[in-house]
Amino acid sequence: MATTSKTLWEDVLSRGVQEVVAELSTEDAVRLSETYGTHNYKPLPVNVVRGDGVRVWTSEGEEYLDCIGAYSAVAHGHLSPFIMDTIRRQLDRVTVLSRAFYSSEVGLFLKAVCDFTELDMACPMNTEAEANETCIKLARKWGYTVKNVPLDQAEIIVCSDNFHGRTTTIVGFSSEDKYKKHFGPYGPGFKIIPFGDLEALKAAITPNTVAFLCEPIQAEGGILIPPDGWMTEVRRVCDENRVLLIWDEVQTGFCRTGRRFAWMHEPAAKPDLIAIGKAMGGGALPVSAAVGRREVMEVFQPGDHGSTFGGNPLGSVVAIAAMAEMEVKGYSERSAQLGDRLADRFRAFNFSCIKEVRARGLLVGLELDETVDSAAMTHALLAQRLLTKETRKRTFRFTPAISITEDQIDEMGDRVERALASL
Ligand SMILES: *Cc1c(COP(=O)(O)O)cnc(C)c1O
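What is the right way to read helix H7 (residues 128-145) from this model?
For an α-helix, 3.6 residues make a turn, and residues three or four places apart therefore share a direction. With 18 residues, H7 ought to run about 26 Å at 1.5 Å a step, and its terminal C-alpha atoms sit 26 Å apart, in line with that. In terms of burial, H7 is a largely internal element, 13 of the 18 residues being buried.

Written as structure tokens, this is what we have:
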């Protein structure tokens, strides 16, 4: 492997990046990441160099089942053929333009995303935190220019245990020390209430409240599912008080919970705005958006907001392909059926350490009690060639690609059972 930067550049140019990368062992990859990268993640000790569907392989050729699916971003499976083909064909045309010009690809993406979400207009971004930031900006500007809230007094209500991303504004209204501490001072204008608590929502609303921003299911928070009917009631309370309802569907969206979006489990809970991303990028590229009702989206005027890469032709064709495949291949039904199959299997296990199985579609959480050391469980899963990590609340996450087969679901269940038995 190249040891000086000069040699690295020459090596790459003469042989190609992939040829140089192919020579790295797991040990090399770990050392490079730990030496030259900040330590803001604690990866599992595997170096994945290839993927295909839910299967991935390490540089040493060991095969694992990927139960994380990039935190739901890989819904189509690794290297999904139609998405890869779409990328290859776009490489003969144009990839990145910025929004300084019109683009047919971006135009069609905007229509596709409005059709898919049943909303009116979209603002394309790249990352999921940006999609949420965009919703926050839209809600505030709507508050000042439409609802007539006094300038700089807008309030947004959020929930404890939320996860909306890592920007300074967003971590400012996190209830998790790990995400927040030492990154202040935090911006004002957010109120935190308990998740799933309708009375707390009513009590928190003031004349200056512009929006309620919330995940329909708290995925990072431990796969926490609110009571049935809560989303509908939230919609009603928001309507009564002229407060915008913003669902962060970044992780729950795109068929993950057995519907195109989790709010669609309660059709009356249709939002004014949603933040979406992750699986929209087809497991290949970052593509996100804020999508909403025309009355809200139209508050943006030229210059109000933007992103250099947000709305680029390459990301657009990938997202169109990703959504088309989900619709035509029935990903919602698939996710509902396969998720039930996995959750039923988990529920049939006979281990006293299992506290609860929480699932909606292929968003499946296995919560263990205090008798199990989480690191030991992670290693038991690794020994069974399963890759997953715990979210908060000692809950192990199972969010594999929705393209997973029934046999692979059963295999996953068998391996989790063996891992639990080995503890
Ligand atoms: C992942 C996630 C985000 C933030 O995503 P980034 O890619 O880190 O910007 C926001 N909201 C939810 C619900 C998420 O799951």
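Here the narrative resumes.
What's the story with the layout of surface pockets in this structure? I'm lost.
Regions of empty space are outlined by a rolling probe, equal in size to a water molecule, passed over the atoms. If you add up the space inside the second largest pocket, you get close to 670 Å³. Secondary structure elements with two or more residues in the lining of the second largest pocket: helix H6 (104-117) and strand E4 (121-125). The element best represented in the lining of the second largest pocket is E4, accounting for five residues. Across the lining of the second largest pocket, the residue classes tally to 14 nonpolar, eight polar and four charged.

I keep staring at the nonpolar core and nothing clicks. Help me out?
Nonpolar side chains in soluble globular proteins tend to be buried together. Ranked by internal contacts, the top residues of the largest apolar core, which has 77 residues, are Phe212, Trp247, Leu366 and Phe398. Each of two domains, domain 2 (44-73 + 330-422) and domain 3 (83-328), supplies a minimum of three residues to this core. Non-local contacts of phenylalanine 398, meaning those with residues more than four positions away in its chain, are made with Cys67, Leu342, Phe346, Leu362, Leu363, Val364, Leu366, Thr388, Met412 and Val416. Formed by 30 residues, the second largest nonpolar core is a distinct cluster that contains Ala211, Leu244, Val250 and Met297.

Looking at this model, I keep getting lost on the pattern of salt bridges. Mind explaining?
If charged atoms from side chains of opposite charge come close, those side chains can pair. Throughout the structure, instances matching the rule amount to 36 salt bridges. Where aspartate 11 meets arginine 15, a salt bridge forms, and the shortest distance between an N and an O atom there is 2.9 Å. Here aspartate 11 pairs with arginine 15, and both are found in helix H1 (residues 5-15), just four residues apart, close to one helical turn. Since its relative accessible area comes to 17%, aspartate 11 is described here as buried. For glutamate 298, the salt bridge goes to arginine 294, with nearest N and O atoms at 4.0 Å. Among the ionic contacts, a cluster of salt bridges with common partners joins Arg235, Asp239, Asp272, Arg293 and Glu295.

Rules of the game
- Residues numbered from 1 in each chain as written.
- Predicted model: local features only at pLDDT ≥ 70, side-chain atom pairs only at ≥ 80, totals over all residues.
- Heavy atoms only, no water.
- Helix = DSSP H or I, 4+ residues; strand = E, 2+ residues; numbered from the N terminus.
- Expected span 1.5 Å × (residues − 1).
- Buried < 20%, exposed > 50% of the residue type's maximum accessible area, 1.4 Å probe, protein only.
- 1 Å grid on protein atoms, 1.4 Å probe; cavity = no way out; pocket = protein on both sides within 12 Å on 5 of 7 lines; lining within 4 Å.
- Points joined across faces, edges and corners; volume = space filled by probe spheres on them.
- Nonpolar A, V, L, I, M, F, W, Y, C, P; charged D, E, K, R; others polar.
- Core = buried A, V, L, I, M, F, W, Y, C linked by side-chain atoms within 4.5 Å.
- Domains from an automatic or database assignment.
- Contact = heavy atoms within 4.5 Å.
- Salt bridge = Lys/Arg side-chain N within 4 Å of Asp/Glu carboxyl O.

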